[in-house]
Amino acid sequence: MTTTEPTTTDRVVIFDTTLRDGEQSPGISLDQGEKLEIGEQLARLGVDVIEAGFPVASQGDFEAVQAIARGVSGPTICGLSRTALADIDRCWEAIEPAAKRRIHTFIATSEIHMANKLKMTPEQVKAETARAVAHAKGYTDDVEFSPEDASRSDFDFMCEVLQIAVDNGAITLNIPDTVGFAIPTEWGARIAAIRDRVKGDYIISSHCHNDLGLAVANSLAAIEAGARQVECTVNGIGERAGNAAVEEIVMALRTRSDQFGGIDTNIRSEELARSSRLVSRLTGYPVQYNKAVVGRNAFAHESGIHQHGVLNERTTYEIMDPAAVGAGESQLVLGKHSGRHAFADALAKMGYDIKGDALNEAFKRFKELADRKVQLSEDDLEALVAEEVGDTVRYRFSLVAVDCHGGSNSTPTATVVIDAEGEKLEATATGDGMVEAACTAIRQATGIEGRLTDYSVTSVTGGVDALADVALRFEVDGHAVPGRGLATDVVEASARAFLNAINRTVRARDTGASLGKGDRPGSLGTTPAAI
Ligand code: KIV
Ligand code: ZN
């Protein structure tokens, strides 16, 4: 069997052109190994046809198509070819090793393309079509023909050309909206009208570009109008604004099968996310965060109301199951819009069972941090819990504000405002660095004397907005009391850590408790004098 299994009426052939039209995107250049890797993934994804390239375009293209024809099994392997007979010969040579192969030949039918690009008369275009399709048919039964720029072609003339293609053996008529000019209702009507006008046994295909952001909508309109093949690419990559995105077409058909009369594809949708990641990585084209189906936010919820809804019942705000596209689970992103439910749920998943006042305190602090940092990761939460929730005893002092200034030309100065069980304490101090100034101001405000001995700062997560996690020791009463602080700003994190150590000291003094084991003076790192 050399042809692609034609469609039953409820199946749409997925013709993937990631490696041909997608690879024509500005700045994308895949080597043979990369093309093979994508080809293998497309086979896993379950596409019916892989358009592997344009063999006559270059020796590299030819070899890549040949490698895919040799190495990728499952889908039909297709090569693109202009109508020149030498192009078709080269195309055949490249795809011949495949078990199932297709020649896709095309010529433009719009006035604008015929006059300005081809410099051919309509009669010449008809003759070219007949000759090319008949020649391709000599190699394989599976011949596809496209009238390029179909959406801007004179309808009667285009249908004449299509009829010639069918009469010479084309079994797929692919109708390209080459410049992304079509509108869904118009496109659907054009597809239906072709079916009425062009006689014969063929499958209609739609190939839509995304210049107006309508490629997927137009492809779906074409399916509703009777098209049983769509040409598309992973992540919608392709010339200019790209092609129709395979993941969106597939999931629209599945999610709204009620609207499409149960028409489906052979795609294994659980492979969509992986295909997207692979293509993005190898092409260097990032996937926009809010991209439908495969964007990193496609199943992420940040607002408290949405998170609460999803926690109670996923379908409250999700029309697709993320697992169905291989995207794992819904994600509740912790940010400034998140609510207490999602916060408590995230902590519970991390193994922290926190309730009551401790939860309220931690949530308050979480909101403060989230206001300054776009998203909080699990690592951030872990650090926050260690700082806030690990110790549920109320401390005497809490930091209200730390304000510092100075730099290479002026002395570092810090002013701190501290709440001491309802009383406001304020002090200003200078130091060799901002951290030292802040710690001195805290010492003055609280009246607790001691020495900062060890200091280390780590960034909890990467990036410029990473949380600073400061650990230090405060040498007092012959002990080195540990302190820990967390903030997006390193001086604030240090002030919090310092105050934490002071609070522990005060509590130990008040309760007569031991400062605990491991609190003898030791070394954590360097002192912060010059920070
Ligand atoms: O957009 C287009 O017209 C094409 C054809 C070669 C099918 O990519
Ligand atoms: Zn195209």
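Residues numbered from 1 in each chain as written. Chains lettered and ligands numbered in written order. Predicted model: local features only at pLDDT ≥ 70, side-chain atom pairs only at ≥ 80, totals over all residues. Heavy atoms only, no water.

Some points on the coordination of the zinc ion (ligand 2)
In this structure, Asp-21 (OD), His-207 (NE2) and His-209 (NE2) serve as the protein donors to the zinc ion (ligand 2), at separations of 2.0 to 2.1 Å. Spacing between the donor residues of the zinc ion (ligand 2) along their common chain follows D-x185-H-x1-H. In this structure His-209 comes out as buried when scored by relative accessible area, which is 4%. (Donors = N, O, S within 2.8 Å, 3.2 Å for Na, K, Ca; no water. Buried < 20%, exposed > 50% of the residue type's maximum accessible area, 1.4 Å probe, protein only.)

A word on the pattern of salt bridges
Throughout the structure, instances matching the rule amount to 29 salt bridges. The shortest N-O distance in the salt bridge between Arg-152 and Asp-149 comes to 3.1 Å. Residue classification places Arg-152 among the partly exposed residues on the basis of a relative accessible area of 33%. Between Glu-318 and Arg-314 there is a salt bridge, with its nearest N and O atoms 3.2 Å apart. With a relative accessible area of 25%, Arg-314 lands in the partly exposed category. (Salt bridge = Lys/Arg side-chain N within 4 Å of Asp/Glu carboxyl O.)

Quick look at the site of ligand 1
Neighbouring ligand 1 are the residues Arg-20, Asp-21, His-104, Phe-106, Ser-146, Glu-148, Asn-174, Pro-176, Thr-178, His-207 and His-209. A distance of 3.1 Å separates an oxygen atom of ligand 1 from a polar side-chain atom of Asp-21. Taking His-207, its side chain carries an N or O atom lying 3.1 Å from an oxygen atom of ligand 1. When ligand 1 is considered free in solution it has 260 Å² of accessible area, and contact with the protein chains removes 94% of it. Those elements that provide at least two residues to the shell around ligand 1 are β4 (101-108), β5 (143-148) and β6 (172-177). Split into classes, the residues belonging to the shell around ligand 1 amount to 2 nonpolar, 6 polar and 3 charged. (Near = heavy atom within 4 Å. Polar contact = N/O pair within 3.5 Å; in protein donor to acceptor, adjacent residues only side chain to side chain. Areas by Shrake-Rupley, 256 points an atom, 1.4 Å probe, with all protein chains shown as cover. Helix = DSSP H or I, 4+ residues; strand = E, 2+ residues; numbered from the N terminus. Nonpolar A, V, L, I, M, F, W, Y, C, P; charged D, E, K, R; others polar.)

Considerations on the packing of aromatic side chains
According to the stated counting rule, one finds 6 aromatic pairs in the structure shown. Plain terms: the ring middles of Trp-92 and Tyr-139 are 5.2 Å apart, the flat faces sit at 10° to each other, and that makes the pair stacked. Taken together, the positions of Trp-92 in helix α3 (residues 85-95) and Tyr-139 in the loop between α5 (122-137) and β5 put the pair 47 residues apart, joining distant regions of the chain. Judged by relative accessible area, Trp-92 falls into the buried class, the value being 9%. Owing to a relative accessible area of 31%, Tyr-139 belongs among the partly exposed residues under this scheme. Between Phe-474 and Phe-498 the ring centres are 5.1 Å apart and the planes differ by 80°, which places this aromatic pair in the edge-to-face class. Of this pair, Phe-474 sits in strand β15 (residues 468-476) while Phe-498 sits in helix α16 (residues 490-511); the two residues are 24 residues apart in sequence, bridging distant segments of the chain. With respect to class, Phe-474 is no different from Phe-498; both count as buried. (Phe/Tyr/Trp six-rings, centres within 6.5 Å; stacked < 30°, edge-to-face > 60°.)

Digging into the domain arrangement of the protein
Frequently, the measure chosen for interface size is the accessible area removed from exposure when the parts meet. Under the domain assignment used here, the protein contains domain 1 (13-283), domain 2 (300-389) and domain 3 (397-511). Put simply, the middle of domain 1 and the middle of domain 3, counted by C-alpha atoms, are 64 Å apart. (Domains from an automatic or database assignment.)

Looking at the sheet that holds strand β14 (residues 451-459)
Strand order in the open sheet formed by 3 strands is β14-β15-β16, and the pairing between neighbours is antiparallel. Two strands close off the open sheet at either side, each with one partner strand: β14 and β16 (479-487). If you compare each strand with its neighbour and ignore which way they point, the axes differ by 15° on average. Sheet analysis places β15 next to β16, joined by 9 bridges and oriented antiparallel. Looking at the pairing, Asp-469 lines up with Leu-486 of β16. (Pairing = 2+ DSSP bridges. Axes fitted to C-alpha atoms, helices over the stretch in contact; angles between N-to-C directions.)

Quick word on unusual backbone geometry
Unlike most non-glycine residues, Arg-240 shows phi in positive territory, near 50°. Considering the arrangement of structural elements, one finds Arg-240 in the loop between β8 (229-232) and α9 (246-255).

Brief notes about the packing of α5 against helix α6 (residues 155-167)
One can describe the packing of α5 onto α6 by two numbers: an axis separation of 8 Å at closest approach and a directional angle of 25°. With respect to α6, the axis of α5 lies roughly parallel. Note on packing geometry: the crossing formed by α5 with α6 is right-handed. Listed contacts from α6 to Pro-122, Val-125, Lys-126, Thr-129, Ala-130 and Val-133 of α5 are Phe-157, Glu-160, Val-161, Ile-164 and Ala-165. Classifying every residue of the contact of α5 with α6 by side-chain character gives 8 nonpolar, 1 polar and 2 charged. (Parallel < 35°, antiparallel > 145°, perpendicular 65-115°, else oblique. Left-handed = near helix turned anticlockwise from the far one by under 90°. Contact = heavy atoms within 4.5 Å.)

Digging into the side chain of Ser-269
Note on placement: Ser-269 falls in the loop between α9 and α10 (272-283). Ignoring anything within four residues of it in the chain, the contact list for Ser-269 reads Met-251, Arg-254, Ala-324, Val-325 and Gly-326.

With respect to the packing of helix α11 (residues 304-312) against helix α12 (residues 340-349)
In the contact formed by α11 and α12, the axes pass within 8 Å of each other and the chain directions differ by 55°. Classed by the angle they form, the pair α11 and α12 counts as oblique. Mapping the contact onto sequence places Gln-307, His-308 and Leu-311 in α11 and His-341, Ala-342 and Asp-345 in α12. Residues belonging to the contact of α11 with α12 are distributed by class as follows: 2 nonpolar, 3 polar and 1 charged.

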